[in-house]
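# Commentary on secondary and tertiary structure
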Amino acid sequence: MGISSNAPYLLRAARGEVLDRPPVWMMRQAGRYMKAYRDLREKYPSFRDRSEIPEVAIEVSLQPWKAFQPDGVILFSDIVTPLPGLGIDMDIAEGKGPIIDSPIRTQEQVDQLRPLDPEASLPFIKTILQALRQEVGDKSTVLGFVGAPWTLAAYAVEGKGSKTYSIIKNMAFSDPKVLHQLLEKLSSAIATYVRYQIDCGAQVVQMFDSWAGQLSPQDYETFALPYQQKVFQQVKETHPDTPLILLVSGSAGLLERMALSGADVITVDWTVDMADARSRLGKHVKVQGNLDPGVLFGSHEFIRDRVLDTVRKAGNWGHILNLGHGVLPETPEENVAFFFETAKQINSLAIKG
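Just so it is clear, the model here is predicted, and its values are computed rather than measured.

### Considering unusual backbone geometry
If you check the backbone angles, Q69 has positive phi at about 50° while not being a glycine. Residue placement: Q69 occurs in the loop between α4 (54–68) and β1 (72–74). Judged by relative accessible area, Q69 falls into the partly exposed class, the value being 34%. For Y165, which is not glycine, the phi torsion reads 55° and is therefore positive. Among the structural elements, Y165 can be located in the loop between α9 (149–158) and α10 (166–174). Take Y165: its relative accessible area is 2%, and that puts it in the buried class.

Structural data, given as structure tokens:
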């Protein structure tokens, strides 16, 4: 499938074109560091309202677009959003994250989970994505947003976020059969959900396996990687032209394994040097991220130096400029603006060192 040169930058980079500058967006670019978002939160205190009432979610998704014109506009959502559609009730507590009242701990609970029907359980996603596509046109790339099987399983089994993941690791290491069945069901649901997002207008989809970095490499190969592969393979069967991005938090020790997932782009965090990441992943793998979100607390000169360092090390092919994780809540808005301005002024052919 040919791609026209008026396609947005991020889509072109994710498909492997050589560009004069890397496309740029930020994870959590819609959020607490922006006054516009905090004002809206006063009016809609429930996160689920903000992410599931279409006109509110559209407004939140577009706040950074209107302020900074990033090359990627991501659906404002949460990784647990599809869980109620499978029969796992949840809520999202402000500042605490997802809470699941009846965590999945037994074979019987896994058996009761139903297949995901996004048209029925997530109709707001279509409204939001279609509106985002219409709003940004060819000027930016609309990104979809899903959680990966292991991370969704961790929430479903733990019942909330965790520092130790001892409940799901107990299941993984003492009763893996139940966990593997849960991961199977989640893989099918997420693949369905990714396809639905693409059909509704997402041009690139990022899958967050936020908690897979809590696994040892051998356990990552057992409980995370095979299910990432299942999702990506199923999506590629029906939507081969849509680039897919994988993020794993704390992934420096897992990069080579992440490259086996089937993702088109691997997100790199700041615990690994970008040049090392490039050589470890190999020339054919595209990359995203790498900047420590804390850099945005530095001076403009410091921010510029770090941006240029990452771009120089990444080279002029297959690189999407981003933070290694989400923008931090107290980040000065003017520093976020400066980050985007700097990125857009880069000529990556000129600075290739």
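### Comments concerning the UniProt feature "site: Transition state stabilizer" (unreviewed entry) in the protein
As annotated in UniProt, the feature "site: Transition state stabilizer" (unreviewed entry) corresponds to D78 in the numbering used here. In this structure, D78 sits in the loop between β1 and α5 (83–86). The contacts of D78, once residues within four sequence positions are left out, are F47, I92, P98 and F145. Among the polar contacts made by the side chain of D78, one reaches the main-chain amide nitrogen of V80 at a distance of 3.0 Å.

### Comments concerning helix α12 (residues 217–238)
The end-to-end C-alpha separation of α12 is 30 Å, in line with the 32 Å expected for 22 residues at 1.5 Å each. At A224, α12 shows its maximal kink, close to 40°; a proline, P226, follows between one and four residues later. All buried positions along α12 are accounted for by D219, Y220, F223, A224, L225, Y227, Q228, V231, F232 and V235. Structurally, α12 contributes buried residues whose contacts are with α9, α10, α11 (176–200), β5 (204–208), β6 (244–247) and α13 (255–258).

### Here we look at the packing of α9 against α11
The interhelical angle for the contact between α9 and α11, taken along N-to-C directions, is 120°, at an axis separation of 9 Å. On the basis of the axis angle, α9 is oblique to α11. Crossing of α9 over α11 shows right-handed handedness. In this structure, α9 contributes P149, W150, L152, A153 and V157 to the contact, and α11 contributes L179, L182, L183, L186, S187 and I190. Split by residue class, the contact of α9 with α11 holds 10 nonpolar, 1 polar and no charged.

### A few points about the pattern of salt bridges
Counting across every chain of the model gives 13 salt bridges. For the salt bridge of R41 with E94, the shortest nitrogen-to-oxygen distance reads 3.7 Å. Here the residue R41 occupies a position in helix α2 (residues 35–43), and E94 occupies one in the loop between β2 (91–93) and β3 (97–99), the gap between them amounting to 53 residues. Note that E221 and R257 form a salt bridge whose closest N and O atoms lie 2.7 Å from each other. Of this pair, E221 sits in helix α12 while R257 is found in helix α13, placing the two residues 36 residues apart along the sequence. Overall, the relative accessible area of 40% leaves E221 in the partly exposed class. When salt bridges with common partners are traced through the structure, they connect R41, R50 and E94 into a single cluster.

### What to know about the packing of aromatic side chains
Throughout the structure, instances matching the rule amount to 9 aromatic pairs. With 5.5 Å between their ring centres and 40° between their planes, Y165 and W211 make a pair best called tilted. In this pair, Y165 sits in the loop between α9 and α10 while W211 sits in the loop between β5 and α12, placing the two residues 46 residues apart along the sequence. A network of ring pairs unites the aromatic residues Y37, F47 and F76 as a single cluster. Positioned above the aromatic ring of Y9, the side-chain terminus of R12 is 5.4 Å from the ring centre. Across the ring face of Y9, the terminal group of R21 is positioned such that the distance to the ring centre comes to 4.6 Å.

### Describing α10
Each α-helix winds once per 3.6 residues, and so residues spaced three or four apart point in a common direction. Along α10, the residues that are buried comprise I168, M171 and A172. Buried positions in α10, seen along its axis, are confined to an arc of 100° and lie on one side of it. Considering only its buried residues, α10 is in contact with α9, α11 and α12.

### With respect to the sheet that holds strand β9 (residues 319–323)
Reading across the sheet, the 7 strands line up as β1-β4-β5-β6-β7-β8-β9 and stay open at both edges, with parallel pairing between neighbours. Each of the sheet's edge strands pairs with one partner strand only, and the pair in question is β1 and β9. Sheet twist, expressed as the average angle between the axes of neighbouring strands with direction ignored, equals 25°. Where α12 meets the sheet, its contacts fall on β5 and β6, and the angle it forms with β6 comes to roughly 165°.

Thresholds applied
- Residues numbered from 1 in each chain as written.
- Predicted model: local features only at pLDDT ≥ 70, side-chain atom pairs only at ≥ 80, totals over all residues.
- Heavy atoms only, no water.
- Helix = DSSP H or I, 4+ residues; strand = E, 2+ residues; numbered from the N terminus.
- Buried < 20%, exposed > 50% of the residue type's maximum accessible area, 1.4 Å probe, protein only.
- UniProt positions renumbered as here; feature names shortened; annotations may be inferred.
- Contact = heavy atoms within 4.5 Å.
- Polar contact = N/O pair within 3.5 Å; in protein donor to acceptor, adjacent residues only side chain to side chain.
- Expected span 1.5 Å × (residues − 1).
- Bend = angle between axes of the 7 residues up to and from the residue.
- Axes fitted to C-alpha atoms, helices over the stretch in contact; angles between N-to-C directions.
- Parallel < 35°, antiparallel > 145°, perpendicular 65-115°, else oblique.
- Left-handed = near helix turned anticlockwise from the far one by under 90°.
- Nonpolar A, V, L, I, M, F, W, Y, C, P; charged D, E, K, R; others polar.
- Salt bridge = Lys/Arg side-chain N within 4 Å of Asp/Glu carboxyl O.
- Phe/Tyr/Trp six-rings, centres within 6.5 Å; stacked < 30°, edge-to-face > 60°.
- Lys NZ or Arg CZ within 6 Å of the ring centre and 35° of its normal.
- Arc of directions from axis to C-beta.
- Pairing = 2+ DSSP bridges.

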